Amino acid sequence: MNWTSRNDDALSQGIDSRGPEEALPTLTVTTILEDPYVMVRSAELEGYCIDLLKALAAMLRFRYRVKVVGDGQYGAIAPSGNWTGMIGEVLRREADIAVAPLTVTSAREEVVSFTTPFLQTGIGILLRKETLSQEMSFFHFLAPFSKETWTGLLFAYVLTCFCLFLVARLSPCEWNEPKNEENHFTFLNSLWFGAGALALQGVTPRPKAVSVRVVAAVWWLFTIALLAAYIANFTALLSSGSEQLPIQTFEDLVKQRKLEFGTLEGSSTFYFFKNSKNPIHQMIYEYMDKRRDHVLVKTYQEAVQRVMESNYAFIGESISQDLAAARHCNLIRAPEVIGARGFGIATTQASPWTKQLSVAVLKLRESGDLDYLRNKWWESSCLHRSRERWSPLQPQALGGLFLTLAIGLALGVIAAVAELSNKSRRAAGHAKKSCCAVFTEEICTRLHIKKNTRQSQETSGRAND
């Protein structure tokens, strides 16, 4: 292929589509050099838009000649009222169509015609990970679990210790003679026992009754699973590092003072913020307009380089930012994307090619060819990394664990009541008393209910005297 210079900074290349016909129409195509849409490799043009153009030419049977836009612009209204960039070349009939990452906007649609978008995108924020690292808070060790999870854990701990205390008092196998023996499972000792299990440390007193052992065992299983979840999530938190973005939205970007931010000069993104009625968007526009000589960039490559080398955030097409983040593993795009839009092929108004190109784009989409091209040109060594963002563990994720603990505690209490009932039945047989009376007396003795009743009766008798 032979390259010729045009207007000192525009390049043109003749490319013929395959076909035996000599009378095929020849279209002049204007484009812009931007990775991965159009790139110069080994004296040839290649990229997503070049492959798209080849597919369209094969479907619609036309030849084409590609030229790079002379002023390196996409297309905006100059102070003189004329259009610059690719839109201007199409209007001046210097090119028949513009095949490039050209955003469809209302202002452009008034002067040219657009086909069905071949790529969907929006406006995002491109950031460098190193500029986002936050100082860990003093209580950073609490981050693996959400506040609700910590609250549930505290409630489970207190409830388990209370059940341990209750079961140890009810079970005759653990406390056979309440009047003569001391119960080692006081409430404070039960709290200490539960805390020891959380630290995977064996502590005294050691349970003897089956019912107490059931409560202890289910609490041990609960703590082991809980600690495993905590360690795994804490490890994920530490390894995620700057994945925890302090800048999640455009509002966060406006409020911070560490990073400068800007966009491509004369781009549709700049005019989106200029025309938006959203207060946050207006603040972004005013910031960029006042510092336009410093924060606005000329090319996309300059924007990516500036993000990588300085405290700068680039506002632009999210699909292009995804590519930058895939090619440069120290870059990342903030989650919020606004201003849904698409890239379309620009033609002159009333051009017969508009309808044909739109139908061809739809056919390529339906056949999966556009998805194939997207995967082909957006492939990167960084794509194997997980894009899921870390988040604190919620109670729903541990719902089964809490349910297992509740069932175990219920079984322990039921077992303790069964043990006490069995002893009361034997004692009632020896004393020839009602089983219910003996059972009630045992419970009152073990829980000190009878003692408190006597004290209240004595107090009321003194008051009557």
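Residues numbered from 1 in each chain as written. Predicted model: local features only at pLDDT ≥ 70, side-chain atom pairs only at ≥ 80, totals over all residues. Heavy atoms only, no water.

What follows concerns the environment of Ala437. Within the fold, Ala437 resides in helix α16 (residues 435-446). By relative accessible area, Ala437 is classed as partly exposed at 40%. Separated by 13 residues in sequence, Ala437 and Ser424 place their C-alpha atoms 8.8 Å apart. (Helix = DSSP H or I, 4+ residues; strand = E, 2+ residues; numbered from the N terminus. Buried < 20%, exposed > 50% of the residue type's maximum accessible area, 1.4 Å probe, protein only.)

Within strand β3 (residues 26-31), 5 of the 6 residues are buried, which leaves the element mostly enclosed by the surrounding structure. Looking at chain direction, β3 and strand β6 (residues 63-68) are connected through 6 bridges and run parallel. For Thr30, the partnering residue across the bridge sits in β6 and is Lys67. (Pairing = 2+ DSSP bridges.)

Where empty space is left in the structure can be found by rolling a water-sized probe over the atoms. Under the defined criterion, the tally for this structure stands at 1 cavity of 30 Å³ or more. The calculated volume of the largest cavity comes to roughly 160 Å³. Lining the largest cavity are 17 residues, with Tyr74, Pro101, Leu264, Ser267 and Glu317 sitting closest to its centre. Every element with two or more residues in the lining of the largest cavity is listed here: α8 (268-275) and β11 (312-317). (1 Å grid on protein atoms, 1.4 Å probe; cavity = no way out; pocket = protein on both sides within 12 Å on 5 of 7 lines; lining within 4 Å. Points joined across faces, edges and corners; volume = space filled by probe spheres on them.)

With that settled, consider the confidence of the model for the chain. Put simply, the chain has an average pLDDT of 82, and 84% of its residues get 70 or more. Segment residues 383-387 is flagged for pLDDT under 50; beyond a separation of four residues in sequence, or across chains, it makes 4 contacts in the model. A low-confidence stretch, residues 450-465 (pLDDT under 50), is modelled with 2 contacts involving residues beyond four sequence positions or located in other chains. (pLDDT = per-residue confidence, 0-100. Contact = heavy atoms within 4.5 Å.)

If you walk through the whole model with that rule in mind, you get 11 salt bridges. For Glu46, the salt bridge goes to Arg41, with nearest N and O atoms at 3.1 Å. Since its relative accessible area comes to 41%, Arg41 is described here as partly exposed. A salt bridge links Lys255 to Glu251; its shortest N-O distance comes to 3.0 Å. Placement of both Lys255 and Glu251 in helix α7 (residues 250-255) is noted, with a separation of 4 residues, approximately one turn of the helix. Using a relative accessible area of 37% as the deciding quantity, one classes Glu251 as partly exposed. (Salt bridge = Lys/Arg side-chain N within 4 Å of Asp/Glu carboxyl O.)

So, on to helix α13 (residues 353-366). Residues spaced three or four apart along an α-helix face the same direction, because each turn holds 3.6 residues. For α13, built from 14 residues, the straight-helix expectation of 20 Å at 1.5 Å per residue is met to within 8% by its first-to-last C-alpha distance of 20 Å. Taken as a whole, α13 has its buried residues at Trp353, Thr354, Leu357, Ser358, Ala360, Val361 and Leu364. End-on, the buried residues of α13 take up no more than an arc of 165 degrees, which puts them together on one face. The outward face of α13, more than 90 degrees from its buried face, is lined by the exposed residues Lys355 and Glu366. Structurally, α13 contributes buried residues whose contacts are with β3, α1 (48-60), β7 (97-98), β8 (113-114), β14 (346-347) and α14 (369-377). Two residues or fewer after α13 comes Gly368, characterised by a positive phi angle close to 85 degrees. (Expected span 1.5 Å × (residues − 1). Arc of directions from axis to C-beta.)

The next subject is the packing of α8 against helix α9 (residues 279-290). Between α8 and α9, whose axes approach to 7 Å, the crossing angle comes to 120 degrees. The angle between α8 and α9 falls in the class oblique. Classified by chirality, the crossing of α9 by α8 is left-handed. Across from Phe270, Phe272, Phe273 and Lys274 in α8, the residues of α9 making contact are His281, Gln282, Ile284, Tyr285, Met288 and Asp289. Class assignment of the residues belonging to the contact of α8 with α9 gives a composition of 6 nonpolar, 2 polar and 2 charged. (Axes fitted to C-alpha atoms, helices over the stretch in contact; angles between N-to-C directions. Parallel < 35°, antiparallel > 145°, perpendicular 65-115°, else oblique. Left-handed = near helix turned anticlockwise from the far one by under 90°. Nonpolar A, V, L, I, M, F, W, Y, C, P; charged D, E, K, R; others polar.)

This part is about the environment of Ala95. With respect to the secondary-structure elements, Ala95 resides in the loop between α2 (85-91) and β7. Assessed through its relative accessible area of 2%, Ala95 is described here as buried. For Ala95 and Leu27, which are 68 residues apart along the polypeptide, the C-alpha to C-alpha distance reads 7.6 Å. Among all residues touching Ala95, those that are not within four sequence positions of it are Thr28, Thr30, Glu89 and Val90.

Take α1 next. Compared with an ideal rise of 1.5 Å per residue, which puts 13 residues at 18 Å, α1 spans 18 Å between its outermost C-alpha atoms and is within 8% of the ideal. Buried residues of α1: Tyr48, Cys49, Ile50, Asp51, Leu52, Leu53, Leu56, Ala57 and Leu60, and no others. Just past α1, the residue Arg61 takes up positive phi, approximately 60 degrees.

Attention now moves to the nonpolar core. Ranked by size, the top nonpolar core spans 46 residues in total, and within it Phe273, Met288 and Phe314 carry the most contacts. Listing elements by their share of this core, those giving two or more residues are α2, β9 (119-128), α7, α8, α9, α11 (300-309), β11 and β12 (331-333). Residues within four places of Phe314 in sequence aside, it is in contact with Gly124, Ile125, Leu126, Gly262, Thr263, Leu264, Val297, Tyr300, Ala303, Val307 and Gln321. In this structure, Met39, Cys49, Leu357 and Ala360 belong to the second largest nonpolar core, which totals 34 residues. (Core = buried A, V, L, I, M, F, W, Y, C linked by side-chain atoms within 4.5 Å.)

The omega torsion of the bond from Asp35 to Pro36 falls at 5 degrees, within 30 degrees of zero and hence cis. By the secondary structure assignment, Pro36 is in the loop between β3 and β4 (39-41). For Ala43, which is not a glycine, the phi torsion comes out positive at approximately 65 degrees. With respect to the helices and strands, Ala43 occurs in the loop between β4 and β5 (44-46).

Attention now moves to the side chain of Arg108. By secondary structure assignment, the location of Arg108 is in helix α3 (residues 106-109). Buried charge without a salt bridge: Arg108, with Glu317 as the nearest opposite-charge side chain at an N-O distance of 6.9 Å. Setting aside chain neighbours within four positions, we find Arg108 in contact with Tyr74, Gly75, Trp83, Ile87, Leu102, Thr103, Phe114 and Ser268. (Lys, Arg positive; Asp, Glu negative; His and termini not counted.)

The next thing to look at is the environment of Phe141. Here Phe141 lies in the loop between β9 and α4 (147-170). Residue classification places Phe141 among the partly exposed positions, given a relative accessible area of 42%. In this structure Phe141 touches Trp150, Tyr230 and Phe234, once residues within four positions along its chain are discounted.

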